[in-house]
Amino acid sequence: MPILEILHFPDPRLRTKAQTIAHVSDEVRALAASMFETMYAAPGIGLAATQVNVHKRLIVLDISDDKQDPYCLINPELREVSGVANSEEGCLSVPDIFEEVTRSERIRVRALDLAGNKQEFEASGRLAICIQHEMDHLEGKLFVDRLSSLKRTRIRKKFEKQQRTSS
Ligand code: NI
C-alpha cells in the first residue's frame, strides 16, 4: 500500500468540507489501510482523509505507544460532549508547531467501522482530544484556527516562508 502525501498548512485543499461515505466499500477499506500506514510512518497519532486530499468522512487514530490500538471512524458524529480540557496539540499538516488548544473533555461518538457497522462509544482524555482534532479536519478546520489570530498569522507566515525557500 502506498504512503500518501500529506498536505501542509496553509494549503487551501485542507479547507475542503468532506463528504459522507454512503457505502463502506473495498475502496474505502483500502484508503483506511493506506492512511494507517501513512500515519504510522509519519509518525503521528491521527490522520483525517482531508489531510491526504481525499474529501471523505474518514479518520484513523492510534494513541498507543506500540501501534496496538487502531481506530477507524467513518462518518463520525459527536453525540454528546461535556467538560473542558486544555492540552498541547500538533498536526501532521502543521509540522513542528505545538500549541495549547481548548476542547471538550469527554465525548460520545457514533461512527461506522470498516465492516460498515454502527459503533458508539465514550472517550475521554487524549483519545477524546484526538478524535475532536481529526473531526475538525473533515470540516476543513485546523487546530491553528482555534488559536489567537496573532498566533495563527505568525504560523502561516512561517510556513509560507518555508515553502518559498524550498521551491
Ligand atoms: Ni491534524
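In case you missed it, the structure is sitting above this.
The structure displayed is predicted, hence computed values, not measured ones.

*Asks:* Quick rundown of the coordination of the nickel ion? Include the residues and the values.
*Replies:* In an ideal octahedron of six donors the angles at the metal are 90 or 180 degrees, and in an ideal tetrahedron of four donors they are 109.5 degrees. Coordination sphere of the nickel ion, protein contribution only: C91 (SG), H133 (NE2) and H137 (NE2), at 2.1 to 2.2 Å. When the donor residues of the nickel ion are listed from N- to C-terminus, their spacing reads C-x41-H-x3-H. A residue pair is termed long-range when its members are at least 10 positions apart, and C91 in strand β4 (residues 85–91) and H137 in helix α2 (residues 125–138) qualify at 46 residues. The pair formed by C91 and H137 is uniform in burial state, with each residue classed as buried.

*Asks:* Tell me about the pairing of strand β7 (residues 118–124), and please be specific about residues and values.
*Replies:* Relative to β7, strand β6 (residues 106–112) runs antiparallel, the two being bridged by seven bridges. When the bridges of β7 are listed, R110 appears paired with E120. Between β6 and β7, which follow one another and run antiparallel, lie five residues, and G116 among them has a positive phi close to 85 degrees.

*Asks:* So what about helix α1 (residues 26–41)? Which residues, and what values?
*Replies:* Its 16 residues give α1 an end-to-end C-alpha distance of 22 Å, which sits within 8% of 22 Å, the value for a rise of 1.5 Å per residue. Along α1, the residues classified as buried are V28, L31, A32, S34, M35, F36, T38 and M39. Those residues of α1 that are buried lie in contact with β1 (46–48), β2 (58–61) and β3 (71–82).

*Asks:* An account of the layout of surface pockets is needed here, citing residue identities and associated values.
*Replies:* What the largest pocket holds in volume is close to 500 Å³. Lining the largest pocket are 24 residues, and of these I45, E89, G90, C91 and F98 lie nearest its centre. Listing elements by their share of the lining of the largest pocket, those giving two or more residues are β4, β5 (94–103) and α2. Split into classes, the residues belonging to the lining of the largest pocket amount to 12 nonpolar, seven polar and five charged.

*Asks:* Hey, could you go over the environment of K161 for me, with residue numbers and the actual values?
*Replies:* Considering the arrangement of structural elements, one finds K161 in helix α3 (residues 149–166). Accessibility expressed as a relative area gives 53% for K161, which makes it exposed. Between the C-alpha atoms of K161 and I3, which are 158 residues apart in sequence, the distance is 26 Å.

*Asks:* Describe the nonpolar core, naming the residues involved and giving the relevant values.
*Replies:* Formed by 18 residues in total, the largest nonpolar core has its most connected members in V28, M35, L47, L58, V60, C72 and I74. When contributions to this core are tallied by element, the ones reaching two or more residues are α1, β2 and β3. Of the residues forming this core, the biggest block, six residues, is contributed by α1. Setting aside residues no more than four positions away along its own chain, C72 makes contact with A32, F36, L58, I59, V60, L112, D113, L114 and Q119.

The rules behind these values
- Residues numbered from 1 in each chain as written.
- Predicted model: local features only at pLDDT ≥ 70, side-chain atom pairs only at ≥ 80, totals over all residues.
- Heavy atoms only, no water.
- Donors = N, O, S within 2.8 Å, 3.2 Å for Na, K, Ca; no water.
- Helix = DSSP H or I, 4+ residues; strand = E, 2+ residues; numbered from the N terminus.
- Buried < 20%, exposed > 50% of the residue type's maximum accessible area, 1.4 Å probe, protein only.
- Pairing = 2+ DSSP bridges.
- Expected span 1.5 Å × (residues − 1).
- Contact = heavy atoms within 4.5 Å.
- 1 Å grid on protein atoms, 1.4 Å probe; cavity = no way out; pocket = protein on both sides within 12 Å on 5 of 7 lines; lining within 4 Å.
- Points joined across faces, edges and corners; volume = space filled by probe spheres on them.
- Nonpolar A, V, L, I, M, F, W, Y, C, P; charged D, E, K, R; others polar.
- Core = buried A, V, L, I, M, F, W, Y, C linked by side-chain atoms within 4.5 Å.

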